[in-house]
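Read off the chains here:
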Amino acid sequence: MLALHGTGVSSGICIGKAYVLRRAQISVPEYNVPKPLVEKEVERFQQAIDYSRQQLERVHEHIPANAPAEAASFIETHILILADKLIADAPIENIRKHKRNAEWALSIQGQELGRIFEQMDDPYLRNRRTDVDQVVERVMRNLVMPQDVEQEESVEAGQIIVANDLTPADTVLLKHNRIKAFVTDLGGPISHTAILARSLGIPAIVSTHSATQYIRNGEELIVDGKRGVLIISPDKSVQKEYRKRQREIARLKKEIESLRKSKSVTIDGRQIHLLANIELAADVKAAIKASAEGIGLYRTEFLYMNRAQPPSEEEQFRAYRKVIKAMDGRPVTIRTLDLGADKQVDGGASAGPVTINPALGLRAVRLCLSDPGLFRPQLRAILRAAVHGSVKMMIPMLSSQSELVRVLELIEELKQELRQEGRPFDPDVLVGGMIEVPAAAVTADLFAPHLDFLSIGTNDLIQYTLAIDRVDDAVNYLYDPLHPSVLRLIATTINAGRAAGIPVAMCGEMAGDVRYTRLLIGLGLTEFSMHPATLLEIKKIVRESSAEELEELARAVMSTHDIRQLHELVDNANETRVG
Ligand code: PEP
Ligand code: MG
């Protein structure tokens, strides 16, 4: 028996046999192509692109009818990346210019794209790098080994896939083959494959570093997707223990499912609003299914990605209207663009130098204010779309009040403009600010009187407060939502909202993490926005909690001077939870 530890990215326990997906390493050949054969080489490259597209389209057709919307959108993203001129055309120029083979041309273009993505601070954009790498690898395989049969086809139902890494396309195909769980050497908790695993509901562990080295085909495995523990050849007694836990989880799942129609109210009557975070219009389905009261964060960046030009006002208007209509009167919080200075590399919307430290550079509202040509169409589109439902506008990364004043002035100016044009718009759209920079949290009382609501973005708030890059593996162990500095900033923000009489929400990952729900309720948070997949679990905690008791917990936590004791207090309060 051997246990490996990785990052659990999708909960659940699976006991089954391993299927190790070993893809032959591709070595990239490199040679000169005689001039008369250059066009033939270009043709060979184009065939590989065509074949890759056909493969992805086949995967797309195979997406099971009951698969979540993300499944299709990830594959569609790969198809779009494949069609992008940076992948489909740039290597052709290299073949012609250098009279070298297609594999070499694709490989240097892949490296070039890698360098560009390295500069990005935004984890979502960095995740796009993984997508780009996966698309490049697909084309490369089709160039080097055009006859390579897709190994996945031989996978049998009920197995646990162990692989170095998986693409979203692999994940969909594997699920189609009724795979029970997967384990990878690489990957991170916010990789698309991890997100997909969560929405497909299969246990998954990534970043084990060595699973493919230790596991042989057919070996018995236990995957504990919640704790990130992988047990190879477990003893009988360990198996028995995990089977017991499996049954417990199944019971709990059933109980949670039955909460769809139940109210999100604590036993002492405090209403806790549970909303969903979405990235694409297609995600609305999952939000409604999970009984979300509304959308607490619509990340609009995705509309701007993988394209040469930013979306027009009209295109944005249609996209927002689609979400607003689908939510059928429930509130939709549309966050204005949160891209970094890096986005022009994506063929994005604005020019400008890549800053030395993008996380501290021209991103989000700073970028938008510096480029009104980018910002104005979005604000207009939101104001116009708002007539179709209940819309809130949310400004990311506010750090100084002068920014807020400029945004509010711009919104007023655009309302006037729309009025003069005789275009319908909602003059009463609520405007809120994200509190995700420590400066804004410390001075939340100065922001609150000018805003209709606040929303705490813990992903960035934690990274900036603790000076820990949220996507840097090397310092991830220091990423602690329970760090007293973070808790104080959260409490300060909640209190500032209360004093100003405006609601305070939280839309960072902390809001959807069951380990923190009790403490946050105790701190007075009443609005949580999260991935729809975790919403019902949070509702269960709400319904079993007494807000008054949790306030006591929060008081104890906030007054403890010992960080270990602080963690213990929170752990003890959570102890009744199983699974
Ligand atoms: C956050 O920072 O917590 C947040 C919700 O925004 P994003 O993750 O999109 O930066
Ligand atoms: Mg953020």
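(A) Representation of the overall build of the protein within the structure. Each helix and strand in the protein was counted, giving 23 helices and 16 strands. Within the protein, buried positions represent 54% of all 579 residues. Intrachain contacts of the protein at a sequence separation of at least 6 include 70% that bridge at least 24 residues. Total accessible area on the protein is roughly 25,200 Å²; 51% of this is exposed by carbon and sulfur atoms.

(B) Looking closely at the coordination of the magnesium ion (ligand 2). All of the protein donors around the magnesium ion (ligand 2) are Glu436 (OE) and Asp460 (OD); their distances to the metal are 2.0 to 2.1 Å. Note that glutamate 436 is positioned in the loop between β13 (430–435) and α16 (438–442) and aspartate 460 in helix α18 (residues 458–466), a separation of 24 residues in sequence.

(C) Summary view of the pairing of strand β12 (residues 391–395). Within β12, five of the five residues are buried, which leaves it mostly tucked inside the rest of the structure. Here β12 shows two buried faces, one formed by Val391, Met393 and Ile395 and the other by Lys392 and Met394. Bridge count between β12 and β13: four bridges; the pairing is parallel. Within the sheet, the bridge partner assigned to methionine 394 lies in β13 and is glycine 432. Handedness of the β-α-β unit built from β12, helix α15 (residues 401–421) and β13 comes out right-handed.

(D) How the structure looks around the site of ligand 1. Arg299, Arg335, Gly457, Asn459 and Arg470 are the nearest of the 15 residues found near ligand 1. Between an oxygen atom of ligand 1 and a side-chain N or O atom of glutamate 436, the distance comes to 2.9 Å. Asparagine 459 is positioned with one of its backbone polar atoms (N or O) 2.7 Å from an oxygen atom of ligand 1. The fraction of the free accessible surface of ligand 1 (290 Å²) that becomes covered by protein chains is 99%. Among the elements of the structure, β10 (295–299) and α18 are those that each provide at least two residues to the shell around ligand 1. Considering every element that reaches the shell around ligand 1, the biggest residue donor is α18, with three residues. Of the residues that constitute the shell around ligand 1, the class distribution is four nonpolar, four polar and seven charged.

(E) Highlighting the pattern of salt bridges. Applying the stated rule across the entire model yields 33 salt bridges. One salt bridge connects arginine 100 with glutamate 30, and the closest N-O pair in it is separated by 2.9 Å. Placement of the pair is arginine 100 in the loop between α4 (90–98) and α5 (102–118) and glutamate 30 in the loop between β3 (13–21) and α1 (38–61), with a sequence separation of 70 residues. What makes arginine 100 buried here is its relative accessible area of 18%.

(F) Focus on the sheet that holds β13. The parallel closed barrel is built from eight strands, whose spatial order is β9-β10-β11-β12-β13-β14-β15-β16. Within the sheet, the average angular offset between the axes of one strand and its neighbour, ignoring direction, is 25°. In this structure, strand β14 (residues 453–456) lies alongside strand β15 (residues 504–506), joined through three bridges in parallel fashion. Note on β15: the bridge partner recorded for isoleucine 456 is methionine 506. Sheet contacts for helix α12 (residues 313–327): β9 (273–278), β10, β11 (332–335) and β12; angle to β11, the most-contacted strand, approximately 160°.

(G) Summary view of a positive patch on the surface. Side chains of Lys240, Arg243, Lys244 and Arg247 sit close together on the surface and give a patch of like positive charge. For lysine 244, the location among the structural elements is in helix α10 (residues 236–257).

(H) Summary view of the confidence of the model for the protein. When pLDDT is averaged across the protein, the result is 88; 90% of the residues are at 70 or more. Contacts of residues 341–354 to residues separated by more than four positions or lying in other chains number 40 contacts, the stretch itself having pLDDT below 50.

(I) View of the side chain of threonine 493. Inspection of the secondary structure puts threonine 493 in helix α19 (residues 484–500). Residue threonine 493 is classed as buried on the basis of its relative accessible area of 0%. When sequence neighbours within four positions are dropped, the list of residues in contact with threonine 493 reads Ile435, Ala441, Ala444, Leu454, Ile456 and Val504.

(J) Local environment of the nonpolar core. Counting 95 residues, the largest nonpolar core has Tyr298, Tyr320, Ile490, Leu520 and Phe528 as the members making the most contacts within it. Excluding anything up to four places from it in sequence, tyrosine 298 contacts Ile278, Glu279, Leu303, Ala319, Tyr320, Val323, Val332, Thr333, Ile334 and Arg335. If you look at the next biggest cluster of nonpolar residues, it comprises 50 residues, including Ala48, Phe74, Val135 and Ala194.

(K) Representation of the sheet that holds strand β5 (residues 181–184) in the model. Taken in spatial order, the eight strands of this open sheet run β1-β8-β7-β3-β4-β5-β6-β2, and their pairing is mixed. Two strands bound the open sheet, and with one partner strand each, they are β1 (2–5) and β2 (7–10). Between one strand axis and the next, the sheet turns by 30° as a mean value, whatever way the strands run. Two strands pair when backbone bridges link them, and β1 and strand β8 (residues 229–232) are joined in this way by four bridges, in the antiparallel orientation. Its bridge partner lying in β8, leucine 4 is registered against leucine 230.

(L) Focus on the packing of aromatic side chains. Enumeration according to the criterion identifies one aromatic pair in this entry. A ring pair is formed by tyrosine 298 and tyrosine 320, whose centres lie 5.9 Å apart and whose planes are at 90°; its orientation type is edge-to-face. Of this pair, tyrosine 298 sits in strand β10 while tyrosine 320 sits in helix α12, and the two are 22 residues apart along the sequence. We note that tyrosine 298, like tyrosine 320, is buried. Geometry around phenylalanine 453 places lysine 392 over its ring, the cationic atom sitting 5.2 Å from the centre.

The rules we used
- Residues numbered from 1 in each chain as written.
- Chains lettered and ligands numbered in written order.
- Predicted model: local features only at pLDDT ≥ 70, side-chain atom pairs only at ≥ 80, totals over all residues.
- Heavy atoms only, no water.
- Helix = DSSP H or I, 4+ residues; strand = E, 2+ residues; numbered from the N terminus.
- Buried < 20%, exposed > 50% of the residue type's maximum accessible area, 1.4 Å probe, protein only.
- Contact = heavy atoms within 4.5 Å.
- Areas by Shrake-Rupley, 256 points an atom, 1.4 Å probe, with all protein chains shown as cover.
- Donors = N, O, S within 2.8 Å, 3.2 Å for Na, K, Ca; no water.
- Pairing = 2+ DSSP bridges.
- Right-handed = clockwise from strand over helix to strand, strands pointing away.
- Near = heavy atom within 4 Å.
- Polar contact = N/O pair within 3.5 Å; in protein donor to acceptor, adjacent residues only side chain to side chain.
- Nonpolar A, V, L, I, M, F, W, Y, C, P; charged D, E, K, R; others polar.
- Salt bridge = Lys/Arg side-chain N within 4 Å of Asp/Glu carboxyl O.
- Axes fitted to C-alpha atoms, helices over the stretch in contact; angles between N-to-C directions.
- Patch = residues over 30% accessible without salt bridge, like charges linked within 9 Å, V, L, I, M, F, W, Y side chains within 5 Å.
- Lys, Arg positive; Asp, Glu negative; His and termini not counted.
- Charge placed at Lys NZ, Arg CZ, Asp CG, Glu CD.
- pLDDT = per-residue confidence, 0-100.
- Core = buried A, V, L, I, M, F, W, Y, C linked by side-chain atoms within 4.5 Å.
- Phe/Tyr/Trp six-rings, centres within 6.5 Å; stacked < 30°, edge-to-face > 60°.
- Lys NZ or Arg CZ within 6 Å of the ring centre and 35° of its normal.

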